[in-house]
Amino acid sequence: ADYEPGTCSRYSDFGYLLAGWILEEAFGEPLDHLFESRIKTPLSVQQAGFLPLASASVLRTASIAATEMVEDRDFPLIGLVHDEHARYLGGVSGHAGLFGSGPAVWDLALPWMGGHPLFPGDLRKQFTTRLAGLPWTLGWDTPTGASQSGHHFSEKAIGHLGYTGTSVWMEPDSRRMVILLTNRVHPSRTRNQIRKWRPILHDLVMEEGFSQTP
């Protein structure tokens with residue numbers, strides 16, 4: 001290991017991979033089933049779920065945008081998780097593989113604003129408070145000087161960026177949320193202009209919201 005446990009934090013997917021396996025072991029169910037029974041159903045979420053590679057079909061992927069053209073295919077990935085590790089694991093993983101529409105992302109994120117029994121106050125605070133000396137919480141990113149969230153979210157805001165061009169940022173105090181579902185890896189992951197455009201979008205949305213505040 002590069003560091004002694006507890007002495008350094010690095011951004012990595014592998015902790016979430018491990019968390020998914022721990023959940024499956026603890027509850028004795030596959031992760032996609034746990035999502036359906038313990039998250040999707042209690043929150044009445046529609047149009048969200050994992051798409052295991054073995055069960056992907058044209059009917060199930062008709063409304064999903066294509067992502068990247070990969071080397072071993074003559075067509076882009078459609079309805080197949082873009083992340084290579086998650087694809088290797090069959091499409092269901094603790095760090096990637098969950099598909100959802102804009103309204104579904106809204107329904108999944110809204111309880112983190114507070115007031116839902118699925119995330120009681122103490123648990124929500126634990127997962128949304130910055131770790132000492134770091135810009136991250138246990139499950140979220142937070143605004144920093146060069147943040148993709150723009151310039152108007154406060155230090156209490158939380159958010160997450162997806163590699164393919166998806167993101168959600170929310171401000172619990174003002175009850176504002178910005179969801180962005182783009183497709184920046186089509187046809188290639190080398191297209192990265194979204195890093196310039198995304199903060200501008202967040203600023204415009206937040207400024208519009210401020211201008212309408214009584």
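First things first, this report covers the structure right here in the doc. The structure presented is a predicted model; accordingly, all values stated were derived computationally and were not measured.

Right, let's get into a nonpolar patch on the surface. Together, L18, W21, I22, Y88 and L89 make up an exposed nonpolar region whose accessible area comes to about 580 Å². Looking at the nonpolar patch element by element, the count peaks at three residues for helix α1 (residues 14-27). For L89, the position within the fold is in the loop between α4 (84-88) and β4 (98-100). When its relative accessible area of 33% is taken as the criterion, L89 is described as partly exposed.

Right, let's talk about the pairing of strand β2 (residues 66-69) for a bit. Sheet topology note: the β2/strand β3 (residues 76-78) ladder contains two bridges and is antiparallel. Directly across from A66, in β3, lies its bridge partner I78. Where β2 folds back onto β3 in an antiparallel hairpin, the turn is made up of six residues.

Next up on the list: unusual backbone geometry. For the peptide bond that leads from H186 to P187, omega is 5 degrees, which places it in the cis range. One non-glycine residue with positive phi stands out, namely Q47, at about 60 degrees. For Q47, the position within the fold is in the loop between α2 (31-40) and β1 (48-50). By relative accessible area, Q47 is classed as exposed at 58%. Notably, R175 is not glycine yet its phi reads approximately 60 degrees, a positive angle. Structurally, the position occupied by R175 is in the loop between β6 (166-171) and β7 (176-181).

On to the packing of α1 against α2. The contact between α1 and α2 brings their axes to 9 Å, and the two run at 75 degrees. With respect to α2, the axis of α1 lies roughly perpendicular. Residues G20, L23, E24 and F27 of α1 touch α2, and the partners they reach there are L31, L34 and R38. When grouped by side-chain class, the residues that make up the contact of α1 with α2 number four nonpolar, one polar and two charged.

Reading the values: rules and limits
The written sequence of each chain sets the order in which its residues are numbered from 1. Per-residue local features of the predicted model are confined to residues with pLDDT of at least 70, and side-chain atom pairs are confined, for both listing and counting, to 80 or more; whole-chain, interface and lining totals are unaffected and use all residues. Side-chain measures here rest on the full set of heavy atoms in the structure, leaving out hydrogens and waters. Residues enter patches when their relative accessible area tops 30% and they take part in no salt bridge; the joining distance is 9 Å for like charges and 5 Å for the nonpolar side chains Val, Leu, Ile, Met, Phe, Trp and Tyr. What sets the accessible areas is the Shrake-Rupley method with a 1.4 Å probe; for residues, cover comes only from the shown protein chains. Think of a salt bridge as a Lys or Arg side-chain nitrogen and an Asp or Glu carboxyl oxygen that are within 4 Å of each other. Segments assigned H or I by DSSP are reported as helices when at least four residues long, segments assigned E as strands when at least two residues long, and all are numbered from the N terminus. Whether a residue is buried, partly exposed or exposed follows from its accessible area with a 1.4 Å probe, protein chains only, as a fraction of its type maximum: under 20%, in between, or over 50%, in that order. By definition, two strands form a pair when at least two bridges between them are found by DSSP. Axes here refer to lines fitted to C-alpha atoms; in helices the fit is confined to the stretch in contact. Angles between the N-to-C directions go from 0 to 180 degrees. Working definition: roughly parallel below 35 degrees, roughly antiparallel above 145 degrees, roughly perpendicular at 65 to 115 degrees, and oblique for all remaining angles. Only heavy atoms matter for contacts: two residues are in contact if any of them lie within 4.5 Å across the pair. In this count, Pro and Cys sit with the nonpolar residues alongside Ala, Val, Leu, Ile, Met, Phe, Trp and Tyr, while Asp, Glu, Lys and Arg are called charged and the others, Gly among them, polar.

Purely geometric numbers; function is a separate question.
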